[in-house]
There are 2 protein chains.
Amino acid sequence: MKKFAVVLSGCGHKDGSEITESVSTLIVLAEHGLQYEIFAPNISVPATNHLTGQPQEERSILTEAARIARGQAQDLKNLNPENFDAVVFPGGFGAALHLCSFAKDGAKCKVLPEAQKVIEAFHRAEKPIGAFCIAPALIARVLGSHGVTVTIGNDTETATEITKTGAQHVNCAVDDYISDRDFKIVTSPAYMYDANPFQVFTGIRKAIKELAEMA
Amino acid sequence: MKKFAVVLSGCGHKDGSEITESVSTLIVLAEHGLQYEIFAPNISVPATNHLTGQPQEERSILTEAARIARGQAQDLKNLNPENFDAVVFPGGFGAALHLCSFAKDGAKCKVLPEAQKVIEAFHRAEKPIGAFCIAPALIARVLGSHGVTVTIGNDTETATEITKTGAQHVNCAVDDYISDRDFKIVTSPAYMYDANPFQVFTGIRKAIKELAEMA
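Anyway, here's the lowdown on the structure attached to this text. (Residues numbered from 1 in each chain as written. Chains lettered and ligands numbered in written order. Predicted model: local features only at pLDDT ≥ 70, side-chain atom pairs only at ≥ 80, totals over all residues. Heavy atoms only, no water.)

1. Observations regarding the interface of chain B and chain A
Argument step 1. Taken together, the 37 residues of chain B in the interface contact 37 residues of chain A.
Argument step 2. For the pair chain B and chain A, the summed buried surface comes to about 3200 Å²; carbon and sulfur atoms form 60% of the total.
Argument step 3. Taken as a group, Leu51(B), Arg67(B) and Arg70(B) account for 26% of the area that chain B buries against chain A, more than any other trio of residues on that side.
Argument step 4. Summed over the shared surface of chain B and chain A, the number is six salt bridges.
Argument step 5. Applying the counting criterion to the chain B and chain A interface returns 12 residue pairs in polar contact (both at pLDDT 80 or more).
Argument step 6. Put simply, the parts of the chain that give the side of chain B that touches chain A at least two residues each are helix H1 (19-31), strand S3 (44-48), strand S4 (55-60), helix H2 (61-68) and helix H8 (197-214) of chain B. (Contact = heavy atoms within 4.5 Å. Buried area = accessible area lost by both parts, 1.4 Å probe. Salt bridge = Lys/Arg side-chain N within 4 Å of Asp/Glu carboxyl O. Polar contact = N/O pair within 3.5 Å; in protein donor to acceptor, adjacent residues only side chain to side chain. Helix = DSSP H or I, 4+ residues; strand = E, 2+ residues; numbered from the N terminus.)

Structure (structure tokens):
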């Protein structure tokens, strides 16, 4: 049975993982009979009140990700790529704030060392990598110099920034995905659009099916 | 276009709404082209660390529910049943800790006044009510004396406690639902079982379809 690693960045789209994207990923992995384990960095960051947009207290990304994972979340440092057939990065602002600093620094952003290590290891092992919403920017930052192709939907400013990493950007509808079969990178725009949960689910469902076939 | 009210009790199954059940509800409502608004009580309660199970600081149920709702959560006190065709209560321990005290007090539990008011109003107006996981215990507490029928799966102890409210309990598989067509109550067991996310999604998907037909 194939096993996927899912990398979260918290719980909530303003400061962590987008919840619908994360849950859609897990639903579809289970639908295909794929096993998965969930990882998140064990660091604390300022949280954001999702009702008001105002800053909250500091929270641990790993502890909050455990809310989505029903307790079964592990430190990203312990993700051994040898134990998995594929890795998936759901979106949410956490991916562009904590896994890398793309939200602030664009194409020249820093990448969290444990995230960089994971992406490079799966790439080296020719194992597929999935990324949704803004998370493809993280993949582009790490693997852009190889000329990988990703999508974040049709936002011109973000797409232009992504191409500065060396990555190609292809526009994509919310309920669809882009597959780079040479580099085994599968991306879907999800909440980069003002979408509804079923559109997001549909795009991710198609993307995970493609990843399952690649893995 | 039919409009549903979705009542959450936080964000995370140990102290609030079960996240997969909540997201599954929203995905399927959107799939059927149903509109929805999300509500939660505006009260603060002790949170639970989902990684360790240990107590955390106090958090606002409404503010945390806004993480699932992408910011669009409203005070449960402002839910006007006249504006909606149906109401849905996803599960998670929050439904049995904060919407009522079933987790501590069983069949004689207290019910949060604004939750009681909503359930009674939808019942009086003969509008359908959905509830998943442990949330059917809340419905049983409020409407049990009418002899409504619900399911929480096959847990004998919980089912026995529910029947003390006057409600009927019928065993049900995780990926299915029980429909009380006389009282328009639709329930699905979800994470009352040690289930996977696709099983939970499947049961809720069927239950929402039934609610949509009733509404």
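Having put the structure on the table, let's press on.
2. Some remarks on the sheet that holds strand S2 (residues 35-40) of chain A
Strand pairing in a sheet takes place through backbone hydrogen bonds and is either antiparallel or parallel in direction.
All names here are of chain A.
Argument step 1. Pairing in this open sheet of seven strands is mixed, and the strands run S5-S2-S1-S6-S7-S11-S10 from one edge to the other. In this open sheet, the two edge strands, each paired with only one partner strand, are strand S5 (73-75) and strand S10 (178-180). Looking at each pair of strands side by side, their axes are set apart by 25 degrees on average, direction ignored.
Argument step 2. The sheet strands contacting helix H1 (residues 19-31) are strand S1 (3-7), S2, strand S6 (86-89) and strand S7 (129-132), and the helix crosses S1 at an angle near 175 degrees.
Argument step 3. Strands in contact with helix H8 (residues 197-214) are S1, S6, S7, S10 and strand S11 (185-188); relative to S11, the strand with the most contacts, it is inclined by about 170 degrees. (Pairing = 2+ DSSP bridges. Axes fitted to C-alpha atoms, helices over the stretch in contact; angles between N-to-C directions.)

3. Things to note about H1(A)
Residue and element names in this part refer to chain A.
Argument step 1. The first and last C-alpha atoms of H1 sit 18 Å apart over 13 residues, in line with the 18 Å expected at 1.5 Å per residue.
Argument step 2. With 12 of its 13 residues buried, H1 lies for the most part within the structure.
Argument step 3. All of the buried residues along H1 are Ile 19, Thr 20, Glu 21, Ser 22, Val 23, Ser 24, Thr 25, Leu 26, Ile 27, Val 28, Leu 29 and Ala 30.
Argument step 4. Of the residues that open H1, the one with a side-chain oxygen 2.8 Å from the backbone nitrogen of Thr 20 is Glu 18.
Argument step 5. Just downstream of H1, Gly 33 is the residue with a positive phi angle, here 70 degrees. (Expected span 1.5 Å × (residues − 1). Buried < 20%, exposed > 50% of the residue type's maximum accessible area, 1.4 Å probe, protein only.)

4. Topic: the relation of the copies chain B and chain A
Argument step 1. Least-squares fitting of chain B to chain A yields an RMSD of 0.0 Å, with the transformation described by 0.0 Å of translation along the axis and a rotation of 180 degrees. Such a combination of rotation and displacement between the chain copies is what one expects of a two-fold axis. Taking C-alpha positions as reference, the residue of chain B nearest the rotation axis is Val23(B), located at 3.5 Å.
Argument step 2. Both copies contact each other with a shared surface, as 100% of the interface residues of chain B are interface residues in chain A too. (Least-squares fit on C-alpha atoms with pLDDT ≥ 70 in both.)

5. Remarks on the pairing of strand S6 (residues 86-89) of chain B
Residues and elements named next belong to chain B.
Argument step 1. Residues Ala 86 and Val 88 of S6 are buried on one face, and the alternating residues Val 87 and Phe 89, pointing to the opposite face, are buried as well.
Argument step 2. Pairing of strand S1 (residues 3-7) with S6, which is carried by three bridges, proceeds in the parallel orientation. When the bridges of S6 are listed, Ala 5 appears paired with Val 87.
Argument step 3. When S6 meets strand S7 (residues 129-132), the two strands line up parallel, connected through three bridges. Among the inter-strand pairings, Val 87 is bridged to a residue of S7, identified as Ile 129.

6. Thoughts on the packing of helix H5 (residues 113-124) of chain B against helix H6 (residues 135-143) of chain B
All names here are of chain B.
Argument step 1. Running from amino to carboxyl end, H5 crosses H6 at an angle of 70 degrees, the nearest separation of the two axes being 10 Å. One element, H5, and the other, H6, form an angle in the roughly perpendicular class. Side by side, H5 and H6 meet where Gln 116, Ile 119, Glu 120 and His 123 of the first sit next to Leu 138, Ile 139, Val 142 and Leu 143 of the second.
Argument step 2. Residues of the contact of H5 with H6, tallied by class, amount to five nonpolar, two polar and one charged. (Parallel < 35°, antiparallel > 145°, perpendicular 65-115°, else oblique. Nonpolar A, V, L, I, M, F, W, Y, C, P; charged D, E, K, R; others polar.)

7. Quick notes on the pattern of salt bridges
All names here are of chain A.
Argument step 1. For the structure on display, the rule yields 20 salt bridges over all chains.
Argument step 2. A salt bridge links Lys 3 to Glu 37, with the nearest nitrogen and oxygen atoms 2.8 Å apart. With Lys 3 in strand S1 and Glu 37 in strand S2, the pair connects residues that are 34 residues apart, well separated along the chain.
Argument step 3. For Lys 3, a relative accessible area of 21% translates into the label partly exposed.
Argument step 4. A residue is classified by how much of its surface remains accessible, and Glu 37, at 23% relative accessible area, is partly exposed.
Argument step 5. Across the pair Glu 64 and Arg 67 runs a salt bridge, and its minimum N-O distance is 3.2 Å. Of the two residues, Glu 64 and Arg 67 both sit in helix H2 (residues 61-68), three residues apart, roughly one turn of that helix. Accessibility assignment for this pair places Glu 64 and Arg 67 in one class, buried.

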